[in-house]
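Per-entry structural report
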Amino acid sequence: TLSSSSAASDVYKRQPRKWIIKTMEKIPFTPQGLNVIKEELAHLKGTERQAVINAIAVAREHGDLSENAEYHAAREKQSFIEGRISELEDVTSRAEVIDAEKLNGEKVTFGTSVGVVDEETDEESLYHIVGPYETDISKRMISTSSPVARAVIGKSVGDSVEVQTPGGVRSYEILSIALFDITKV
């Protein structure tokens, strides 16, 4: 029994270390993207948190909490807000602001805009490579972890890449690389 207890102890010691390493990874941000996250965090802490506390107090005044839908809705909203605050605090603590102006623009990296052409359909597209919390497909801002970004990062103008998409494998040629200016999107 001593050896089985020792083995369990070893597993317990190894698993938390993996978790700590994984959660300590830096998250890339443009300066503007991090400001948006910080503004949301300040709004949640300053306005939304107090509003939901007030809503819970008002709902408590209505009596029996077990059948009080208003109370339960307010508590659910409070749970969501507190969870989002916790997430954003974690994200901002691991944020790494990358100054795109220090990049040379010769290879596709975080903070660049990349023009590509579908080699099969000749359809051209422009993507802006940003962090996972800044993505907005309507503005063509894609995460560094997206299939297209993973395929083009590190490549140069004229390179061809293959991207696994839901519709199958697509081949793209890189037409242009420029430093991304979020104020122009």
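It should be emphasised that the depicted structure is a prediction, and the values quoted were computed from it without experimental measurement. (Residues numbered from 1 in each chain as written. Predicted model: local features only at pLDDT ≥ 70, side-chain atom pairs only at ≥ 80, totals over all residues. Heavy atoms only, no water.)

**Some thoughts on the overall build of the protein**
Test applied: Runs of H or I in DSSP of at least four residues are treated as helices and runs of E of at least two as strands, each being numbered from the N terminus. Only protein chains enter the accessibility calculation, which uses a 1.4 Å probe; a residue is then buried when its area is under 20% of its type maximum, exposed when over 50%, and partly exposed in between. In what follows, residue pairs with any heavy atoms lying within 4.5 Å of each other are defined as contacts. In short, Shrake-Rupley with a 1.4 Å probe defines the accessible areas, and a residue's cover is counted only from the protein chains shown.
When you go through the protein residue by residue, the secondary structure sums to four helices and seven strands. Put simply, the protein runs from its N terminus to its C terminus through helices and strands in the order α-β-α-α-β-β-β-β-α-β-β. Looking at the protein as a whole, 32% of its 185 residues qualify as buried. Counting contacts in the protein only where the partners sit at least 6 residues apart, residues at least 24 apart contribute 55% of the total. Counting every atom, the protein has about 11900 Å² of accessible surface; 52% of that belongs to carbon and sulfur.

**Some points on the pattern of salt bridges**
Quick reminder of the rule: We define a salt bridge as a side-chain nitrogen of Lys or Arg found within 4 Å of a carboxyl oxygen belonging to Asp or Glu.
Under the defined criterion, the tally for this structure stands at seven salt bridges. In this structure, the salt-bridge partner of Arg94 is Asp90, at a minimum N-O distance of 3.0 Å. A network of salt bridges, in which partner residues are shared, links Glu40, Arg84 and Glu87.

**Here we look at the packing of aromatic side chains**
Definition in use: Between 30 and 60 degrees the pair is tilted, below 30 it is stacked and above 60 it is edge-to-face, where a pair is any two Phe, Tyr or Trp rings, Trp via its six-membered ring, whose centres lie within 6.5 Å.
Throughout the structure, instances matching the rule amount to one aromatic pair. Plain terms: the ring middles of Phe29 and Tyr133 are 6.3 Å apart, the flat faces sit at 25 degrees to each other, and that makes the pair stacked. Residue Phe29 is located in strand β1 (residues 27–29), and its partner Tyr133 is located in the loop between β4 (124–130) and β5 (141–143); the two are separated by 104 residues in the primary sequence.

**What to know about the environment of Ser113**
Here is the rule we go by: The definition of a polar contact used here is a pair of N or O atoms within 3.5 Å, where within protein one atom must be able to donate a hydrogen and the other to accept one, and adjacent residues in sequence count solely through side-chain atom pairs.
Counting through the fold element by element, Ser113 comes out in strand β3 (residues 112–118). In this structure Ser113 comes out as buried when scored by relative accessible area, which is 9%. Setting aside residues up to four positions removed in sequence, Ser113 forms contacts with Leu126, Tyr127, His128, Ser176, Ile177, Ala178, Leu179 and Phe180. A polar contact of 2.6 Å, which involves the side chain of Ser113, links it to the side chain of His128.

**Overview of helix α2 (residues 31–60)**
This is how the line gets drawn: Here a helix's expected span is defined as the number of its residues, less one, multiplied by 1.5 Å. Bend, in this description, refers to the angle at a residue between axes fitted to the seven residues ending there and the seven starting there.
Its 30 residues place the ends of α2 42 Å apart at the C-alpha level, agreeing with the 44 Å of an ideal helix rising 1.5 Å per residue. Taking the largest bend as the criterion, α2 deviates by roughly 40 degrees, centred on Leu44. Gly33, Leu34, Ile37, Leu41, Leu44, Val52, Ile56 and Ala59 are the residues of α2 that are buried. Looking at the buried positions of α2, the neighbouring elements they touch are β1, α3 (69–93) and β2 (95–97).

**Here's the deal with α3**
Spanning 25 residues, α3 covers 36 Å between terminal C-alpha atoms, matching the ideal 36 Å at 1.5 Å per step. Residues of α3 that are buried include every one of Tyr71, Ala74, Gln78, Ile81, Arg84, Ile85, Leu88 and Val91, and no others. Packing partners of the buried residues in α3 comprise β1, α2 and β2. Two to three positions downstream of the cap, the backbone nitrogen of Glu70 sits 3.1 Å from a side-chain oxygen, assigning the N-cap of α3 to Asn68.

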